[in-house]
Amino acid sequence: MCSLGSSSSSSSSMAASSKRKLSKLGVDEFLTSTFDSDTNGGSEGDDSSAEDTKKSSKQEGKTGKRKKASEPKVQGKKDEKPKGAAKEHKEQLSRLKEKDPEFFQFLEKNDQKLLNFDDTDSSEDEENPVHTLPAELELASDDEEDEEQQPTPKSKKTKDLIAVTVRMVDQWKTEVEDKLTFKLFHDIALAFKAAVSTTRGGDESGEPGKYKVEDPLVFNSLVSFCIRDLFLALQKLLQLKPGRDRNKLLLPSSSHRWPKVRPDINTYLTGLVQLLAGLTETSVVSAVLRHVLHLIPYYLCFPKHSRLLLKQAINQWSTGEETVRVLAFLILNKICRHKQDVYLNLVLKQMYVAYVKNCKFTSPNVLPLINFMQRTLTEMYALDNQVTYQHAFIYIRQLAIHLRNAMTMKKKETYQSVYNWQFVHCLYLWCRMLSTIYPSEVLAPLIYPLSQVIIGCIKLVPTARYYPLRLHCVRALTLLSDSTKTFIPVTPFLLEIFQQVDFNKKPGRMSVRPINFAVILKLSNANLQEKAFRDGLIEQLYDLTLEYFHTQAHTIGFPELALPVVVQLKAFIKECKVANYCKQIRQLMEKLQENSTYLTNRRQAATFGVADKEAVALWEKVLKEEGTPLHKYYSSWKKLREKELTLEITGKERLEELNFPEIKRRKVQESKEKDKKEFRDLFESDSGSDDESSGLKSKGGSKKDNDNFLDDLSDMSGADEEEDDMLPCEDESDDEDRVSPKASRAAPKKMSQADLKVLTEGDEDVVEDLEFSDED
């Protein structure tokens, strides 16, 4: 108390007297005594603190449960133990009962939980706010692990699912035929969802359904019922009637009943997409796609389902069978036509990527499918020229970048990035697209860069090994030039082949099978030495030259265009010594000259000048409608050529038309077995005869005798050959005595010594089962 006594001596004396008085008091006297509250704050605080410490020490001595305080107590009112929140709340409610009894009665009636609560837990938690760790940690027992591995409530619900039966499906069919209700459609949608979940290994949504499908017969019955009968009944349920404008699609969301069936239709459409992803059988996929095609208006009401459907349709369009591809394309086209602004850009990009991915390899069987993808993708591009220009510009530029890298770096990897089937098919796709959509002011600027990329591809590696690739590029340029009415110099790339290849050189090797230039890009060194290479090359040059000049046959400048080619062909005919090649090229040259003469005569009768474009265009139009000699020849030649190409694509070779004689040979093993059987029957029937008359015995001796017989047989091989040469003479002399095997079958009982000798001198397989007797 010295700190308080420093202010004045009187205060220190008062504190000392009070301290002595407190020390003399006993416990009972201290508890029963009363203290004045008029004393100053300092003395009051000291007395109260001393009283609290003494009181606490007394309680510790009685209980013995708490340790002595190691730190001094905080002075003031902080030493008082705070009440628990629950107890304090209970006191407030008791005071509320006294102050506002009406409100307390209201709480008793309406909120008993607020009044009746347990305050034991909260008080204990407040007394021990700090969590103490136990001395030992308990390990989980096996029983607890078993409890954790018990099925969840969700798995328990799966046991309570209703199993769909064939009888239930038949009942649904009859009810749908009568009238489809909202509850019935709800049950069918849930059952269809359960059926689809079996193909995916479980329900992906995680929500337990009402039904389960376990029998394959039930699955087939339910899916076929939904595909065949559900659509028309659903149309009647929604009361959808076709509008006046047939071109405008009627959405089911316009029906006033749509909100009632929307969740079930959502479930059903989701199941259809999942089912489509899990099917592999072509016929089933086709049936589901036909059903989906009718449900396109419903899918358009759900953007998320539409995107999933488009993804599956693109996959089927690029990888499925022929019928599946057609149905998938119809779905894609229908969605993009009615939601062009939403889906067209995305669909075009994904279809192009799928096209490039699936034209990596080309064969006679795959080529028609690649052509189908080209034509259908071109039809999709025709829906919007502005979007098509953006896609075409980006992808043609990408092809040009690959070509530029190959021309500058000149490495094998960069060459391979250009000289592959994907690059060639992409070039042909854009040529077909520009040819189909022409005329279009938006897409016309793409003609020149595309033609330059194709010409650069031809000039990249101008060797004989890549002649097939050059021919593919020439064919694409011909298509682009014809359809867009753009002059592209194609003939120099064909005439260059006549100069580079020596057709008079004798082939290094003969090949029976012709080369199919439609499905190859590069020739091997062995192919270049074959006769089939030169034969096929002459045919390709003939075809492509004729096709190109057919596109220019009605133009006013045809005589000048054909003149360099005629000169070059004349020089080739003069130098070539192969009659078949000269015959084909001479025929082509004569057709070009005939058409040039015809156009020259028609030009002489014209009354307009060359500068008059309108008159020239009209003159060419009239001439094209009338037909030129080259047009007429080309139409007849094309029919014959298509038949030949059809045979090649289907895998039938041209050699089948040649009736070569067929040599039929009897297999050696069959002949040996047949002869053995004949002689075995022969000697079994003659087993009763004497050794002297037969001179031979059947095989059945010891192993040693067999070995000696084989050794003697090998030594007699030379003698047997000489005896075989002499057999015809012996046959002439002993014609009457000789017995054929068929005759021996008829009369096996009697045989002379000469007959047996003839038999022993026969084929090797005859002697194999026989042994010589000692008498021989």
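Just above, that's the structure.
Since we're looking at a predicted model, the values are computed, not measured.

### Section: a negative patch on the surface
Taken together, the side chains of Glu-175, Glu-177, Asp-178 and Asp-229 define an acidic patch exposed on the protein surface. Here the negative patch gets three residues from one element, more than from any other, and that element is helix α11 (residues 166-178). Take Asp-178: it is sitting in helix α11. For Asp-178, a relative accessible area of 70% translates into the label exposed.

### Observations regarding empty space enclosed by the protein
By the definition in use, this model includes three cavities of 30 Å³ or more. In this structure, the largest cavity encloses a volume near 50 Å³. Leu-434, Ile-437, Tyr-438, Pro-439, Ser-440, Leu-443, Ala-444, Ile-447 and Thr-484 together form the lining of the largest cavity. Here the residues of the lining of the largest cavity sort into seven nonpolar, two polar and no charged.

### Observations concerning the state of the cysteines
By definition, a disulfide is the covalent link that joins the sulfur atoms of two cysteine residues. Inspection of the entire model under this criterion finds zero disulfides. No disulfide involves Cys-457; its sulfur sits 4.1 Å from the nearest other cysteine sulfur, which is in Cys-473. Given a relative accessible area of 0%, Cys-457 falls into the buried group.

### Side note on the environment of Ser-363
With respect to the helices, strands and loops of the structure, Ser-363 is situated in the loop between α19 (340-357) and α20 (367-381). For Ser-363, a relative accessible area of 26% gives the class partly exposed. Between the alpha carbons of Ser-363 and Asn-516 there is a distance of 9.8 Å; along the sequence they are 153 residues apart.

### Points about the environment of Leu-369
Here Leu-369 is to be found in helix α20. Looking at Leu-369, the relative accessible area reads 26%, which means it is partly exposed. Between the C-alpha atoms of Leu-369 and Arg-325, which are 44 residues apart in sequence, the distance is 8.9 Å.

### Regarding the packing of aromatic side chains
In total, this model carries 17 aromatic pairs according to the counting rule given. Ring centres of Phe-549 and Phe-558 lie 5.7 Å apart, and the angle between their planes is 85°; on these two criteria the pair is classed as edge-to-face. A single burial state applies to Phe-549 and to Phe-558, both of which are buried.

### A closer look at the nonpolar core
Within the largest apolar cluster, 168 residues are counted, with the highest numbers of intra-cluster contacts made by Trp-172, Tyr-298, Trp-317 and Trp-430. Setting aside residues no more than four positions away along its own chain, Trp-317 makes contact with Arg-325, Ala-328, Phe-329, Leu-332, Met-351, Ala-354, Tyr-355, Phe-372, Met-373, Thr-376 and Leu-377.

The rules behind each value
Residues numbered from 1 in each chain as written. Predicted model: local features only at pLDDT ≥ 70, side-chain atom pairs only at ≥ 80, totals over all residues. Heavy atoms only, no water. Patch = residues over 30% accessible without salt bridge, like charges linked within 9 Å, V, L, I, M, F, W, Y side chains within 5 Å. Areas by Shrake-Rupley, 256 points an atom, 1.4 Å probe, with all protein chains shown as cover. Salt bridge = Lys/Arg side-chain N within 4 Å of Asp/Glu carboxyl O. Lys, Arg positive; Asp, Glu negative; His and termini not counted. Charge placed at Lys NZ, Arg CZ, Asp CG, Glu CD. Helix = DSSP H or I, 4+ residues; strand = E, 2+ residues; numbered from the N terminus. Buried < 20%, exposed > 50% of the residue type's maximum accessible area, 1.4 Å probe, protein only. 1 Å grid on protein atoms, 1.4 Å probe; cavity = no way out; pocket = protein on both sides within 12 Å on 5 of 7 lines; lining within 4 Å. Points joined across faces, edges and corners; volume = space filled by probe spheres on them. Nonpolar A, V, L, I, M, F, W, Y, C, P; charged D, E, K, R; others polar. Disulfide = S-S within 2.5 Å. Phe/Tyr/Trp six-rings, centres within 6.5 Å; stacked < 30°, edge-to-face > 60°. Core = buried A, V, L, I, M, F, W, Y, C linked by side-chain atoms within 4.5 Å. Contact = heavy atoms within 4.5 Å.

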